[in-house]
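Breakdown of the fold
One letter stands for each residue in the lines below.
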Amino acid sequence: VTMDRLPRHVAIIMDGNGRWAGQRHLPRVEGHRAGIDAVRDVVETSARLGLEVLTLYAFSVENWKRPAAEVSTLMMLLKRYLRSELSTLLKNNIRFKVIGRTDQLWPDVLSELTDAERKTAGNTGMLFNIALNYGGRAEIVEAAKRLLAAQIRPEELDEQRFAGFLYTAGQPDPDLLIRTSGEMRISNFLLWQIAY
Ligand code: FPP
């Protein structure tokens, strides 16, 4: 690692879990479990290297179309991760933040998430964004709604001002986007933020 050329913000589309499991003749859920082990490593290593922001795409607005059993397994794994990793986040001075349409998440998952956000809010190290029920177009539409509600006049609006209404307000844009399966698709992730 070239320490003087570290990206400030790394964004990761976590996919290929199902294919990873399939290649090993395991059920898909085993792929998600292994994915969580990788998340643990990535979060701790990123914080140790000194990244400013790490964003993981864990659940898209499209993922609700998956079989109900898979959706509930993912939610269960997420809850379990939050419970078991909160102490690691605190120990590593990591601030945790959820981005996405959180109002549509299951109430028990949401309460774990807000608890983790609250308990890590005072941390000053790496910001760990987790994108849940997230869609890039939906984020832009929501930002537009918020700026209308704030009664911003057209002449007051520019790109920087608009970015302040996105979930990632105040954060540097990602300078590295990784898609773990190796495919080269954006899949509605951070559309505004990855422009460059
Ligand atoms: C993509 O693999 C993975 C997901 C849709 C879910 C990943 C989310 C979790 C494991 C929940 C917990 C998350 C965190 C960050 C703690 P895929 O099923 O699309 O695999 P495929 O591309 O091979 O079909």
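First, a word on scope: everything that follows refers to the structure included in this document.

Reading guide: rules and limits
Residues numbered from 1 in each chain as written. Predicted model: local features only at pLDDT ≥ 70, side-chain atom pairs only at ≥ 80, totals over all residues. Heavy atoms only, no water. Core = buried A, V, L, I, M, F, W, Y, C linked by side-chain atoms within 4.5 Å. Buried < 20%, exposed > 50% of the residue type's maximum accessible area, 1.4 Å probe, protein only. Helix = DSSP H or I, 4+ residues; strand = E, 2+ residues; numbered from the N terminus. Contact = heavy atoms within 4.5 Å. Pairing = 2+ DSSP bridges. Near = heavy atom within 4 Å. Polar contact = N/O pair within 3.5 Å; in protein donor to acceptor, adjacent residues only side chain to side chain. Areas by Shrake-Rupley, 256 points an atom, 1.4 Å probe, with all protein chains shown as cover. 1 Å grid on protein atoms, 1.4 Å probe; cavity = no way out; pocket = protein on both sides within 12 Å on 5 of 7 lines; lining within 4 Å. Sits in = over half its atoms within 2 Å of the grid points. Axes fitted to C-alpha atoms, helices over the stretch in contact; angles between N-to-C directions. Expected span 1.5 Å × (residues − 1). Arc of directions from axis to C-beta. Points joined across faces, edges and corners; volume = space filled by probe spheres on them. Nonpolar A, V, L, I, M, F, W, Y, C, P; charged D, E, K, R; others polar.

Attention now moves to the nonpolar core. V43, L54, F96, L113, M126, F128 and L132 are the most contacted members of the largest nonpolar core, which has 30 residues in total. Looking at this core, the element that brings in the most residues is helix α3 (residues 68-91), giving nine residues. Setting aside anything within four residues of it in sequence, one finds F96 in contact with L82, L89, L113, A116, E117, T120, F128 and I130. Counting residues in each nonpolar core, the second largest holds 10 residues, with I13, I99, F189 and L190 among its members.

Residues in a regular strand point their side chains to alternate faces of the sheet. The element strand β1 (residues 9-13) is largely enclosed, with a buried count of five among its five residues. Burial along β1 is two-sided: the residues H9, A11 and I13 and V10 and I12 are all buried. Two strands pair when backbone bridges link them, and β1 and strand β2 (residues 53-60) are joined in this way by five bridges, in the parallel orientation. Within β2, the residue paired with I13 across the bridge is Y57.

With that out of the way, let us pick up the site of the ligand. The immediate surroundings of the ligand are formed by 16 residues, with M14, G18, R19, R28 and R66 found nearest. G18 places a polar main-chain atom, nitrogen or oxygen, 2.9 Å from an oxygen atom of the ligand. Measuring from an oxygen atom of the ligand, one finds a backbone N or O atom of R19 at 2.7 Å. Contact with the protein chains covers 92% of the free accessible surface of the ligand, which is 620 Å². One can see that the ligand is located within the largest pocket. Counting residues per element, the ones that place at least two in the shell around the ligand are α1 (17-23), α2 (28-49) and α3.

We now examine the sheet that holds strand β5 (residues 176-179). Spatial strand order, β3-β4-β2-β1-β5: five strands in an open sheet with parallel pairing. For this open sheet the edge positions go to β3 (95-99) and β5, each flanked by a neighbour on one side alone. In this sheet, neighbouring strand axes are inclined to one another by 20° on average, regardless of whether the strands run parallel or antiparallel. Sheet strands in contact with helix α4 (residues 107-120) are β3 and β4 (127-134), and its direction is about 145° off that of β3.

The subject of this paragraph is helix α5 (residues 136-149). Over its 14 residues, α5 runs 20 Å from end to end, which matches the ideal 20 Å to within 8%, given 1.5 Å per residue. G136, E139, E142, A143 and L147 are the residues of α5 that are buried. The buried residues of α5 occupy an angular sector of 135° when projected down its axis, which confines them to one face. Opposite its buried face, α5 presents the exposed residues R137, K145, L148 and A149, each directed more than 90 degrees away. Taken together, the buried residues of α5 touch β4 and α6 (159-163). Of the residues one or two after α5, Q151 is the one with positive phi, at around 55°.

By volume, the largest pocket is sized at about 640 Å³. Every residue lining the largest pocket is counted, 30 residues in all, and those nearest its centre are M14, Y57, A58, F59 and N63. Elements supplying a minimum of two residues to the lining of the largest pocket: α1, α2, β2, α3 and β4. Approximately 310 Å³ is the volume found for the second largest pocket. Forming the walls of the second largest pocket are 17 residues, and the residues nearest its centre are D15, N17, G35, A38 and T180. Taken together, the elements giving at least two residues each to the lining of the second largest pocket come down to α1 and α2. The leading source of residues in the lining of the second largest pocket is α2, at six residues. Here the residues of the lining of the second largest pocket sort into eight nonpolar, seven polar and two charged.

This is a description of form; function is not addressed.
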